[in-house]
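Chain by chain, the residues run as shown.
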Amino acid sequence: MSSQPSTRRSALRGARSSVLAKILTAVGIGAIAALIIGVVGLTALGSAAARTTELYEHDTLGVRLTQQVRYDFAAYRLASLSATTATTAEAKASYESERTTTKDALTATGAELDALDLEGELDVAVDTVLTDIESYHQLSDELVALAAAGDMETFDRKRAAELVPLSTGILDELEGIADGQADEASETAAEARAASTQTRNILLVVMAVGVLVAVGQGMRVAKKIVRDVRAVQSGLDALAAGDLTVETHVKANDELGEMAGALDRARTSLREALASMGESSTTVAAASEELAAAARQFASSQDETTAQAGVVAAAAEQVSRNIQAVAAGSEQMGASIREIAQNASEAARVAHTATGVASQANDTVARL
């Protein structure tokens, strides 16, 4: 019998959902929403960082290198033109040195631009312009040699027919590369803004859903707890007022449900105890009536006993007087007995004396 309730209680404890678990569920939903927001936010930050890096490497740095190539190319052109038109050997040597320096700078900047991980048409355009710049170097060297040889006719012809169109084409190509990189930067920025907007919308949706679900779960748990607490409070108030008929009707498998069940069991036990006390009171009342009847009978018997005791007392008084008379007679009898005893003692003495006399007489007779 005792193992079944204990097994049932163990099963209830194993299956119950505590108040702490319900509260932690609501908090956990909010934590999950916050975690999702954090993960999405971190992912968005990582994506934004990647796009920023891409924007810098492919677009901002590319535009800067392209403009640097244009600057170095213009400096190289100016140094080359100055070297071919210098009027003195000193000036010519200075311009030649500057031409070499700007050529090295242009080559280095072109190599940096070529090292960028550009895609599609931009990559092709960079390869094309670097090839054209290399051709420009060769053609510029030829023109410098023609100028040094004094063949200005061929110099002017080749310069006008080949060098100027090639230079113009290189500048146009560099401007196209810069414009393409600017367009690509604009597209990357637009994609970044779109991704940022999308991430913001996702975060807002997740945050709104998380808040609504967490608040809804929290309100549901709070209302359930408040309802159960009020039911238990009503049961306790009724119990304090002496009403043992109000039940809590709490069916929750948590601490409040256990408390409500304990209250219902206590109320039932108290009601049964009071009912048992009522039955015992009825029995005691009947016994009290029987005891009262017995007391009345005892009272009447006591009166009769009192009367009989008076008779007995009178008889006892008569007996006492008789005893006193007997005592007086006994005293007189004692005196007579003492006198008889004295007489008997005297007779015994006389008899003893007579016995002695008789013995002497016998002796005398014997001698005679």
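Residues numbered from 1 in each chain as written. Predicted model: local features only at pLDDT ≥ 70, side-chain atom pairs only at ≥ 80, totals over all residues. Heavy atoms only, no water.

Examining the overall build of the protein chain
How we decide: Here a helix means four or more residues in a row that DSSP labels H or I, a strand means two or more in a row labelled E, and each is numbered from the N terminus. Categorising residues by exposure relies on relative accessible area from a 1.4 Å probe, with only protein chains included: less than 20% of the type maximum marks a residue as buried, more than 50% marks it as exposed, and the intermediate range marks it as partly exposed. Any two residues whose heavy atoms approach within 4.5 Å are treated as being in contact. Per-residue and other accessible areas follow the Shrake-Rupley method at a 1.4 Å probe size, with only the shown protein chains counted as cover for residues.
When its secondary structure is counted, the protein chain shows six helices and zero strands. Beginning at the N terminus, the succession of helices and strands in the protein chain can be written as α-α-α-α-α-α. Considering the protein chain as a whole, with its 368 residues, one finds that 22% of them fall into the buried category. For the protein chain, the proportion of contacts with a sequence separation of at least 24, taken over those separated by at least 6, is 76%. A total of about 24000 Å² of accessible surface is found on the protein chain, and carbon and sulfur atoms cover 61% of it.

Re the packing of helix α4 (residues 121-149) against helix α5 (residues 152-240)
What counts here: Angles run from 0 to 180 degrees between N-to-C directions of axes, and those axes are lines fitted to C-alpha atoms, restricted for helices to the stretch in contact. The scheme is simple: roughly parallel for angles under 35 degrees, roughly antiparallel for over 145, roughly perpendicular for 65 to 115, oblique for anything else. Should the near helix be turned anticlockwise from the far one by less than a right angle, the crossing is left-handed, and should it be turned clockwise, the crossing is right-handed.
Interaxial distance between α4 and α5 falls to 9 Å at its minimum, and their mutual angle equals 160°. Considered as vectors, α4 and α5 are oriented roughly antiparallel to each other. As α4 runs across α5, the sense of the crossing is left-handed.

Details of helix α3 (residues 89-115)
Formally: Multiplying one less than the number of residues by 1.5 Å gives the expected span of a helix.
Here α3 is 27 residues long and its end C-alpha atoms lie 39 Å apart, about the 39 Å a rise of 1.5 Å per residue gives. Among all positions of α3, only R99, T102, L106, T109, G110 and L113 are buried.

What to know about the side chain of R99
Considering the arrangement of structural elements, one finds R99 in helix α3. Leaving out residues up to four positions away in the same chain, R99 has contacts with Y76, A79, S80, H137, S140, D141 and V144.

Quick look at a nonpolar patch on the surface
To be explicit about the condition: Patch membership needs two things, relative accessible area over 30% and no salt bridge, and members are linked within 9 Å if like-charged or within 5 Å if nonpolar (Val, Leu, Ile, Met, Phe, Trp, Tyr). Criterion for a salt bridge: a side-chain nitrogen of Lys or Arg within 4 Å of a carboxyl oxygen of Asp or Glu.
Together, L204, M207, V211, V215 and M219 make up a nonpolar patch on the protein surface, roughly 430 Å² of accessible area in all. By the element assignment, M207 lies in helix α5. Since its relative accessible area comes to 41%, M207 is described here as partly exposed.

A closer look at a negative patch on the surface
We count it as follows: Charge counting treats Lys and Arg as positive and Asp and Glu as negative, with His and both chain ends excluded. Throughout, a charge is located at the NZ atom of Lys, the CZ atom of Arg, the CG atom of Asp or the CD atom of Glu.
Together, D172, E175, D179, D183 and E187 make up a region of like negative charge exposed at the surface. In this fold, E187 is placed in helix α5.

Description of the packing of aromatic side chains
To keep things clear, this is the line we draw: Here is the rule: rings of Phe, Tyr and Trp (six-membered ring for Trp) pair when centre to centre is within 6.5 Å. Planes less than 30 degrees apart are stacked, more than 60 are edge-to-face, and the remainder are tilted.
Here the structure, examined in full by the defined rule, presents two aromatic pairs. Relative to Y136, the ring of F73 has its centre 4.8 Å away and its plane inclined at 65°; by these criteria the two rings are edge-to-face. Here Y136 lies in helix α4 and F73 lies in helix α2 (residues 19-85), a separation of 63 residues in the sequence. In this structure, F73 and Y136 share a single accessibility class: buried. Arranged with centres 5.9 Å apart and planes meeting at 65°, the rings of Y76 and Y136 form a pair that is edge-to-face. Here Y76 is found in helix α2, whereas its partner Y136 is found in helix α4, with 60 residues between them in sequence. Among the aromatic side chains, those forming a connected cluster through ring pairs are F73, Y76 and Y136.

Some words on the pattern of salt bridges
Inspection of every chain in the model, using the stated rule, returns four salt bridges. Among the ionic pairs, R99 bridges to D141, the shortest N-O distance being 2.4 Å. Of the two residues, R99 sits in helix α3 while D141 sits in helix α4, which places them 42 residues apart along the sequence. Overall, the relative accessible area of 33% leaves D141 in the partly exposed class. Put simply, D141 and K103 hold a salt bridge, and the shortest N to O gap is 4.0 Å. Separated by 38 residues along the polypeptide, D141 in helix α4 and K103 in helix α3 bring together distant segments of the chain. Salt bridges linked by common partners bring R99, K103 and D141 together as one network.

Points about the side chain of T109
One can find T109 in helix α3. Taking the relative accessible area as the measure of exposure, T109 reaches 8% and is therefore buried. Here T109 is in contact with L65, Q68, V69 and D72, once residues within four sequence places are set aside.

A few points about the confidence of the model for the protein chain
Counted only if it meets this: Confidence of the prediction at every residue is given by pLDDT, a number between 0 and 100.
Of all residues in the protein chain, 74% have pLDDT values of 70 or greater, and the mean over the chain is 76. The model gives residues 1-15 a pLDDT under 50, and that stretch makes one contact with residues more than four places away or in other chains.

What to know about α4
Over its 29 residues, α4 extends 42 Å from the first C-alpha to the last, a length consistent with the 42 Å expected when each residue adds 1.5 Å. The positive-phi residue at the C-terminal boundary of α4 is G150, with phi of around 85°.

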